[in-house]
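Coordinate inspection notes
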Amino acid sequence: MDNQAIPMASTSSYTKVQYLQRQAASLLLYQSVLQGEVGIAFLELLQAIRYAQADARSCLQAYGSYFYALAARNQNWEDYLITQILFSENPFTRLAGVQEFEDLPPALVTAVQHDLQALQSLYECSSASLSEWVQGVAHMPISPVVWYKGQELVGVETKFTTYLEELDNWGDAVEELAAYYRQCGSGLFAEYRALRWQSGQFIGIRYSDPVKLSALVGYESQRDALLKNTEFLLSGEMALHVLLYGSRGSGKSSLVKSLLNEYSNHSLRLLEVAKSDLKDLPEIVEHLRGVSQKFIIFVDDLSFEDDDDAFKALKVVLEGNLTARPQNVVVYATSNRRHLIREFFVDRPTPKDNEEIHAWDTMQEKLSFSDRFGLTLTFEPANQKTYLKIVQHLVTQAEINITQEDLEFQALQWATRHNGRSGRTARQFVDFLKADLTLFNTGNNTSNT
């Protein structure tokens, strides 16, 4: 192709790029929007194409990094920018989540207006425009491939995106944005429904357990009690800490995790804390105090050794201290042990020299620790009737076509050969049965129950 067909970058494009760089540098509160991989790649691309004498190879490499970052997130530039605004953690988003708009400091509101106008300029810099600028700077006959995919924002994110697109001046969106933070929170708590505490920080869980309440049967009274307590939490009332105690495989953990899928649209968040991290529990609770969402701190398979620091930390949270307990946080713990602290016969007091005078009091404190939970739900081992009821429910949901007689026979055989009668065993049996019948129907069955 002849050189005359290769477009040259105009002086106006360099001016526009330098203007965008100044806008990005001027952000007062929303710097985090451009601190992720995509934002950094965007800024580096602007820097690469800033001057007419820019190195073509560097421009192409910078564009490649920008394209790759968008593709890795499977987002358009515009969608990425909006989500980063909605999930940003800064002084405005934190205050807007817990205060009325009229009570926010005027200087903070003015700063947000400024930032939104600057971000609007960056939003209007499409990937197609960047591709054309790179073509001109690098003297290429054709422009680089433009990353694009259909918009997939959902719920309030879509609503807010549409609202911004219809505005001539994003600075007018401050009050609407504050209302969003008030409803949905900000930062990780807005981006993720499920999180875990790990190495002293909150980590978002992108793919949380999809188990639904409708899949759980056999322990209806326990389920209803837990739902009622959770609704107390969501309504702003003082909910009780809950211990779910009982046999393994009875669905205690699944019941807690199903609450997330039942109530996540009501600002419920599930925070998983491992036993090894319970020593951080008072710190965790203080982080959550005043946040707009409601939190269930989930501790699975709870038990303690003697003189365990985790025991002391959990006791502080359950019983309280001079610091008032936040109403947006409860602890839901599961355990196979009714008495959460392991006790040995040697622990029982005997009249010996140098023995603790009130040793019985110490032992009783250990044994009664579970009583510090306001609500204890007991999950008895499943009898044959309950086990078959769970199996039938799961088979119906899975739409498996099998006679009642054959189903019951195979289900009982499975329980005998495997882990006994429980909700977990029922789930494993039905998963196997579905896969086995699918293979059989396609003529590739190689195994029998």
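The coordinates are above.
Residues numbered from 1 in each chain as written. Predicted model: local features only at pLDDT ≥ 70, side-chain atom pairs only at ≥ 80, totals over all residues. Heavy atoms only, no water.

**Here we look at the overall build of the protein**
Of regular secondary structure, the protein possesses 18 helices and seven strands. Residues classed as buried in the protein amount to 45% of the 449 residues present. If you sum the accessible surface of the protein, you get close to 23400 Å²; carbon and sulfur atoms cover 50% of it. (Helix = DSSP H or I, 4+ residues; strand = E, 2+ residues; numbered from the N terminus. Buried < 20%, exposed > 50% of the residue type's maximum accessible area, 1.4 Å probe, protein only. Areas by Shrake-Rupley, 256 points an atom, 1.4 Å probe, with all protein chains shown as cover.)

**Quick notes on helix α2 (residues 37-48)**
Its twelve residues give α2 an end-to-end C-alpha distance of 16 Å, which sits within 8% of 16 Å, the value for a rise of 1.5 Å per residue. Within α2, the full set of buried residues consists of V38, G39, A41, F42, L45, L46 and A48. (Expected span 1.5 Å × (residues − 1).)

**Overview of helix α12 (residues 252-263)**
In this model, α12 (twelve residues) spans 17 Å end to end at C-alpha, consistent with the 16 Å of a helix rising 1.5 Å per residue. Within α12, nine of the twelve residues are buried, leaving the element largely enclosed by the surrounding structure.

**A short note on a negative patch on the surface**
A cluster of acidic residues, E102, D103, E175 and E176, forms a negative patch on the protein surface. Along the polypeptide, E102 turns up in the loop between α5 (91-96) and α6 (106-123). (Patch = residues over 30% accessible without salt bridge, like charges linked within 9 Å, V, L, I, M, F, W, Y side chains within 5 Å. Salt bridge = Lys/Arg side-chain N within 4 Å of Asp/Glu carboxyl O. Lys, Arg positive; Asp, Glu negative; His and termini not counted. Charge placed at Lys NZ, Arg CZ, Asp CG, Glu CD.)

**Things to note about unusual backbone geometry**
In the Ramachandran plot, S199 falls in the positive-phi region, its phi being about 55° despite a non-glycine side chain. One non-glycine residue, S267, lies in the positive phi region at around 70°. Secondary-structure assignment places S267 in the loop between α12 and β4 (268-272).

**Concerning the sheet that holds strand β5 (residues 294-299)**
The strands that make up a sheet are held in pairs by hydrogen bonds between backbone atoms, and each pair lies either parallel or antiparallel. The strand order β2-β1-β4-β5-β6-β3-β7 describes an open sheet built from seven strands, whose pairing is mixed. Either end of the sheet is taken by a strand with one partner, and the two such strands are β2 (201-205) and β7 (375-379). Put simply, the sheet's adjacent strands are angled 25° from each other on average, direction ignored. Two elements, strand β3 (residues 242-246) and strand β6 (residues 329-335), share four bridges in a ladder whose sense is parallel. Residue pairing for β6: L243 is matched across the bridge by A333. Along the sheet, α12 makes contact with β1 (194-198), β3, β4, β5, β6 and β7, crossing β4 at roughly 145°. Contacts from helix α13 (residues 281-288) reach β1, β2, β4, β5 and β6 within the one sheet, and its direction differs from that of β5 by about 160°. (Pairing = 2+ DSSP bridges. Axes fitted to C-alpha atoms, helices over the stretch in contact; angles between N-to-C directions. Contact = heavy atoms within 4.5 Å.)

**Digging into the packing of helix α3 (residues 56-73) against helix α7 (residues 127-138)**
The N-to-C vectors of α3 and α7 enclose an angle of 160°; their axes lie 9 Å apart at closest approach. Taken as axis vectors, α3 and α7 run roughly antiparallel relative to one another. α3 and α7 meet at a crossing whose hand is left-handed. Residues A56, C59, L60, Y63, Y66 and L70 of α3 form the contact with α7, whose participating residues are S127, L130, S131, V134, V137 and A138. Its residues placed into classes, the contact of α3 with α7 shows ten nonpolar, two polar and no charged. (Parallel < 35°, antiparallel > 145°, perpendicular 65-115°, else oblique. Left-handed = near helix turned anticlockwise from the far one by under 90°. Nonpolar A, V, L, I, M, F, W, Y, C, P; charged D, E, K, R; others polar.)

**Considerations on the side chain of K149**
In this structure, K149 sits in the loop between α7 and α8 (155-165). Under the relative-accessibility criterion, K149 is labelled buried at 12%. Filtering out sequence-adjacent residues up to four positions away, K149 remains in contact with N74, Q75 and N76.

**Comments concerning the environment of G290**
Locating G290 in the fold gives a position in the loop between α13 and β5. Taking relative accessible area as the criterion, G290 reaches 45% and is therefore assigned partly exposed. Each C-alpha atom of the pair G290 and Q327 lies 8.9 Å from the other, and the pair is 37 residues apart in sequence. The contact partners of G290, leaving out residues within four places of it in the chain, are V98 and N328.

**Description of the nonpolar core**
Counting residues in hydrophobic clusters, the biggest one holds 60 residues, and the most contacted among them are Y30, W77, F92 and L177. At nine residues, the largest contribution of residues to this core is made by α6. Among the nonpolar cores identified, the runner-up in size contains 25 residues, and A194, L234, A239 and L244 belong to it. (Core = buried A, V, L, I, M, F, W, Y, C linked by side-chain atoms within 4.5 Å.)

**Considering the environment of L394**
Assignment of secondary structure puts L394 in helix α16 (residues 384-398). Setting aside anything within four residues of it in sequence, one finds L394 in contact with A215, A426, R427 and V430.

**Re the packing of aromatic side chains**
Counted according to the given criterion, the structure contains 17 aromatic pairs. Consider the rings of Y63 and Y66, whose centres lie 6.2 Å apart with planes at 55°: the pair is tilted. Of this pair, Y63 and Y66 both sit in helix α3, three residues apart, roughly one helical turn. On the basis of relative accessibility, which here comes to 5%, the residue Y63 falls in the buried class. Relative accessible area serves as the criterion here: at 1%, Y66 is assigned to the buried category. Clustering of aromatic rings is evident, with ring pairs tying together F42, Y63, Y66, W77 and Y80. (Phe/Tyr/Trp six-rings, centres within 6.5 Å; stacked < 30°, edge-to-face > 60°.)

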